[in-house]
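# Analysis of the macromolecular model
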Amino acid sequence: MFSLTTACQSPERLTTAERMAIADTLTALVTQAYDLRHPEAPARLLALYPDSGRVISAVAGRVTTTRDTLAGEIRGFWERVGQNMREPRFELGSTYVDLITRDAAVVTLTYRIPHLTPRNTPHVVSGAWTMLWRRQNGRWRIVQEHLSDTPESTAPGPPDTLLHSSH
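I will try to describe carefully the structure that is included in this document. Just so we're clear, the structure is a prediction, and the values are computed from it rather than from any experiment. (Residues numbered from 1 in each chain as written. Predicted model: local features only at pLDDT ≥ 70, side-chain atom pairs only at ≥ 80, totals over all residues. Heavy atoms only, no water.)

Take the overall build of the protein chain next. Secondary structure assignment for the protein chain yields 5 helices and 6 strands. Secondary structure elements of the protein chain, listed N to C terminal, follow the sequence α-α-α-β-β-α-β-β-β-β-α. Counting across all 167 residues of the protein chain, residues that qualify as buried make up 35%. Restricting to contacts in the protein chain with at least 6 residues of sequence separation, those with at least 24 account for 53%. About 10,200 Å² of surface is accessible on the protein chain, with carbon and sulfur atoms providing 54% of the total. (Helix = DSSP H or I, 4+ residues; strand = E, 2+ residues; numbered from the N terminus. Buried < 20%, exposed > 50% of the residue type's maximum accessible area, 1.4 Å probe, protein only. Contact = heavy atoms within 4.5 Å. Areas by Shrake-Rupley, 256 points an atom, 1.4 Å probe, with all protein chains shown as cover.)

What follows is the structure, given as structure tokens:
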């Protein structure tokens, strides 16, 4: 049942400590899910989203609206890119958290995942990501998102002769 008092709760009523705790929780969820050094990465990535219902995801010029389609996109990313990353490191960049209510927040951040390709070539997947989070049954989940890759994410790693150059 929809409650007007919950929907209209002003984020200003949150204490600074509550705001910081929510922001820390959301960034920790992303950071833990994207620690690609650990097994079961696709399951951890998918766990950021609700178990059912609509999930809107805009990535690479396409929009998906169902969890099943999103799960397929995550599996595809993992098969094409993720499982081929050697020594990946998730680096969180600028992060902005705007609380809408105690149970809804928008997070926009930049990220980098430097790694080595299977040929030992340095490569970086990076971009900007905006997420609408909603707390459902006590758990924060992304219900809408937009990812924008940086050009370096789609470019191949440098040729072997450039590995030792200084730029």
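Although it is not a glycine, Glu 40 adopts a positive phi angle of roughly 65°. Structurally, Glu 40 can be placed in the loop between α2 (16-33) and α3 (41-46). Of note in this structure, Ala 60 is not a glycine but carries a positive phi near 55°. Structurally, Ala 60 can be placed in the loop between β1 (54-59) and β2 (62-66). Relative accessible area serves as the criterion here: at 57%, Ala 60 is assigned to the exposed category.

Here we come to the sheet that holds β1. Two modes of strand pairing occur in sheets, parallel and antiparallel, and in both the strands are linked by backbone hydrogen bonds. Sheet architecture is open: 6 strands sit in the order β2-β1-β6-β5-β4-β3, paired in mixed fashion. In this open sheet, the two edge strands, each paired with only one partner strand, are β2 and β3 (91-101). With direction set aside, neighbouring strand axes in the sheet form an average angle of 20°. Sheet topology places β3 next to strand β4 (residues 104-116); 8 bridges connect them, and they run antiparallel. Of the residues in β4, the one forming a bridge with Thr 95 is Leu 109. Strand contacts of helix α4 (residues 67-80): β1, β2 and β6 (139-149), with the helix running at about 130° to β2, the strand carrying the most contacts. (Pairing = 2+ DSSP bridges. Axes fitted to C-alpha atoms, helices over the stretch in contact; angles between N-to-C directions.)

For Arg 89, the position within the fold is in the loop between α4 and β3. In this structure Arg 89 comes out as partly exposed when scored by relative accessible area, which is 46%. For the pair formed by Arg 89 and Tyr 34, sequence separation is 55 residues and the distance between their alpha carbons is 8.6 Å. What Arg 89 contacts, discounting residues up to four positions off in sequence, is Arg 112, Ile 113 and Pro 114. Polar contacts involving the side chain of Arg 89 include one to the side chain of Glu 91, which spans 3.0 Å. (Polar contact = N/O pair within 3.5 Å; in protein donor to acceptor, adjacent residues only side chain to side chain.)

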